[in-house]
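Geometric and topological summary
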Amino acid sequence: IRFFHGFFIDKALFILGRMTGILQSPARAVTTTMTELPASHAYLAAQQFRQLYALIAHRKTISDIYLNNLPSELHAWAYPKKSESGGTSLRFCIQTTHCQELIESLRASHVYVTDRWYRRAVDGMTMGQKTTYQQGSCPKAEALAKTIVTLPTHRNMTPSLTKKLAVAINNYFKTHIS
């Protein structure tokens, strides 16, 4: 499906795959017994493990570009310098009270950052899962979740794309926020 991203057929393939059962969410799978992975899945898992360190290095590179090109007041929390980091840089988050406006401004420029991991303090709805979380039980986390935008660090983000995204974010704040 990623191969077709940008051709407007990706969403249709995804929906069709979900409707036919070809694409299933592993989070929803009911597992009652331990079973062996089919050879094709084991091969794919092994391939991902072989690429893991390269992917972590890529994510750190992308995070460093954000870190060096976005103002520190946007950084959601202090990221350690690349050489000091033991983390995977899975996500790079910025914090602003203008999340929706920023996302809409970027969307107008054909930049899509709507994959927001922290919409709510506890958010299972993207998976269609209901939670027992009671709104208001963690007010600080709820307030923080409303101010977080997650920037992409995945393998399709090149350094040049990352710099362009940082420029677009900086331009938004220069022109819209005083």
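Please refer to the structure higher up on the page.
To keep things clear, this report deals only with the structure shown in the data block. (Residues numbered from 1 in each chain as written. Predicted model: local features only at pLDDT ≥ 70, side-chain atom pairs only at ≥ 80, totals over all residues. Heavy atoms only, no water.)

Some words on the nonpolar core
Note on soluble globular proteins: their nonpolar side chains tend to be buried together. Of all hydrophobic cores here, the largest spans 21 residues; its most connected members are Ile94, Leu151 and Ile169. Sorting the residues of this core by element identifies helix H2 (39-69), strand S1 (92-95), helix H3 (99-108), strand S2 (148-151) and helix H5 (159-176) as the ones contributing at least two each. Ranked by the residues each element gives to this core, the list is headed by H5, at 5 residues. Dropping the residues within four chain positions of it, Ile169 is found in contact with Leu70, Leu74, Ile94, Leu102, Leu106 and Leu151. (Core = buried A, V, L, I, M, F, W, Y, C linked by side-chain atoms within 4.5 Å. Buried < 20%, exposed > 50% of the residue type's maximum accessible area, 1.4 Å probe, protein only. Helix = DSSP H or I, 4+ residues; strand = E, 2+ residues; numbered from the N terminus. Contact = heavy atoms within 4.5 Å.)

Some remarks on the packing of H3 against H5
One way to put it is that H3 packs onto H5 with a least axis distance of 10 Å and a crossing angle of 120°. Relative to H5, the element H3 is oriented oblique. Where H3 crosses over H5, the two elements pack in a sense that is right-handed. Across the interface between the two elements, Glu101, Leu102, Ser105 and Leu106 from H3 touch Leu165, Ala168, Ile169, Tyr172, Phe173 and His176 from H5. (Axes fitted to C-alpha atoms, helices over the stretch in contact; angles between N-to-C directions. Parallel < 35°, antiparallel > 145°, perpendicular 65-115°, else oblique. Left-handed = near helix turned anticlockwise from the far one by under 90°.)

Regarding a nonpolar patch on the surface
Taken together, the side chains of Phe14, Ile15, Met19, Ile22 and Leu23 define a hydrophobic patch exposed on the protein surface, amounting to about 530 Å² of accessible area. Its location among the elements puts Phe14 in helix H1 (residues 10-20). (Patch = residues over 30% accessible without salt bridge, like charges linked within 9 Å, V, L, I, M, F, W, Y side chains within 5 Å. Areas by Shrake-Rupley, 256 points an atom, 1.4 Å probe, with all protein chains shown as cover. Salt bridge = Lys/Arg side-chain N within 4 Å of Asp/Glu carboxyl O.)

Some remarks on the packing of aromatic side chains
Tallied over the entire structure, the rule returns 2 aromatic pairs. Judged by centre distance (5.2 Å) and plane angle (35°), the ring pair of Tyr66 and Phe92 falls under tilted. Highlighted residues: Tyr66 in helix H2 and Phe92 in strand S1, separated in sequence by 26 residues. For Tyr66, a relative accessible area of 0% gives the class buried. The class of Phe92 is buried, set by a relative accessible area of 0%. Arranged with centres 5.0 Å apart and planes meeting at 80°, the rings of Tyr172 and Phe173 form a pair that is edge-to-face. With respect to burial, Tyr172 and Phe173 carry one shared label: buried. (Phe/Tyr/Trp six-rings, centres within 6.5 Å; stacked < 30°, edge-to-face > 60°.)

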